[in-house]
Amino acid sequence: MHLIVGLGNPGAEYAAHRHNIGFLAVDEIARQHNFPPFRQKFSALISEGVIDGEKIMLIKPQTFMNRSGDSVAQTAQFYKLAPSDISVIHDELDLAPGKVRVKTGGGNGGHNGLRSIESHLGKDFVRVRLGIGHPGHKDRVHSHVLSNFHKADNEWLEPLLDSLAKNAGLIAKGDAAGLMNKLALALPSAPKAAPATEKPAPRAQSHVRQARQSALQSKVPESGPMADMLKKLFGKKD
């Protein structure tokens, strides 16, 4: 079995935060590969399935970021998993938005989730680092990671999550180079100018954007937790 951990904070108020890109990635993997609904176990939400012949457990720790290692360690101990059997998907300030690096070991860069996991398992697990960009000054880091993605971020976020899910089997197989290559190819390049005599083709919408538009078009509650969640995701233009 290979354990794929997505890092984030539990709760609707954190769902669209940059710090929760690990949760978003794991949710998309589960959706594309028809995993069963997540259930509570090991102080986390977990789901098990098979991708490209590999048995995979997806896990979203529910202990908040700075105690992520608690649930990862519980899971690893129960299933007798070595650090090499574990891959952690997390946000990375020191990479440009949409850039990805995959490596085993290394520092935690001040990331509280990684620091917590290292305290339980050591450093020899795989890190799938998803770039969210740096705000430019250390005093703005906290507000940057704990704020929602902008609508403009969808240009790279949607294809990144889509491709990561499609190629999740490469994570379990340990093919870091192959995974990074697939993700790099999926990111949008600079648009080419259409010939003057041709009408530009309409841009195809991703399944993520279609789902969001469907949610906006349907009748939604005006108050309560669901209304607050939808307002965070869709309500304001950044």
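Residues numbered from 1 in each chain as written. Predicted model: local features only at pLDDT ≥ 70, side-chain atom pairs only at ≥ 80, totals over all residues. Heavy atoms only, no water.

For the chain, an unreviewed UniProt entry supplies the name Peptidyl-tRNA hydrolase and the organism Pelagibacterium flavum.

## Some remarks on the pairing of strand E7 (residues 126–131)
Inclusion rule: Burial status follows relative accessibility: with a 1.4 Å probe on protein chains alone, a residue under 20% of its type maximum counts as buried, one over 50% as exposed, and anything between as partly exposed. Strands here mean DSSP runs of E at least two residues long; helices mean DSSP runs of H or I at least four residues long; both are numbered from the N terminus. Pairing between strands is defined by DSSP: at least two bridges between them are needed.
For E7, the tally of buried residues reaches five of six residues, placing the bulk of the element in the interior. By the bridge criterion, six bridges tie strand E5 (residues 86–92) to E7 in an arrangement that is parallel. Residue pairing across strands places Ser87 opposite Val126, the latter belonging to E7. Relative to E7, strand E6 (residues 100–104) runs antiparallel, the two being bridged by five bridges. Bridge pairing links Thr104 to Val126 in E7.

## So, the UniProt feature "binding site: tRNA" (unreviewed entry) in the chain
Rules: UniProt positions are given in the numbering used here, feature names are shortened, and annotations may be inferred rather than shown by experiment. When checking whether two residues touch, look at their non-hydrogen atoms; a contact exists if any pair is within 4.5 Å.
According to UniProt, the "binding site: tRNA" (unreviewed entry) feature falls on Tyr14, Phe64, Asn66 and Asn112. Here Phe64 shows up in the loop between strand E4 (54–61) and helix H2 (68–79). Not counting chain neighbours up to four residues away, the residues in contact with Phe64 comprise Gly8, Asn9, Pro10 and Tyr14. By the element assignment, Asn112 lies in helix H3 (residues 112–121). Judged by its relative accessible area of 39%, Asn112 is partly exposed. Ignoring anything within four residues of it in the chain, the contact list for Asn112 reads Met65 and Asn66.

## Quick word on the packing of aromatic side chains
For clarity, the cut-off: Between rings of Phe, Tyr and Trp, where Trp is taken as its six-membered ring, a pair exists when centres lie within 6.5 Å; planes separated by under 30 degrees are stacked, by over 60 edge-to-face, and by other angles tilted. Whether a charge sits over a ring comes down to the Lys NZ or Arg CZ being within 6 Å of the ring centre and within 35 degrees of the ring normal.
This structure, assessed with the given rule, holds five aromatic pairs. Where Phe42 meets Phe78, the ring centres are 5.3 Å apart and the plane angle is 50°; that geometry is what we call tilted. In this pair, Phe42 sits in the loop between strand E2 (39–41) and strand E3 (44–51) while Phe78 sits in helix H2, placing the two residues 36 residues apart along the sequence. On the basis of relative accessibility, which here comes to 11%, the residue Phe42 falls in the buried class. Plain terms: the ring middles of Phe42 and Tyr79 are 6.0 Å apart, the flat faces sit at 75° to each other, and that makes the pair edge-to-face. With Phe42 in the loop between E2 and E3 and Tyr79 in helix H2, the pair connects residues that are 37 residues apart, well separated along the chain. Across the ring face of Phe23, the terminal group of Lys60 is positioned such that the distance to the ring centre comes to 5.7 Å. Geometry around Phe125 places Arg127 over its ring, the cationic atom sitting 4.2 Å from the centre.

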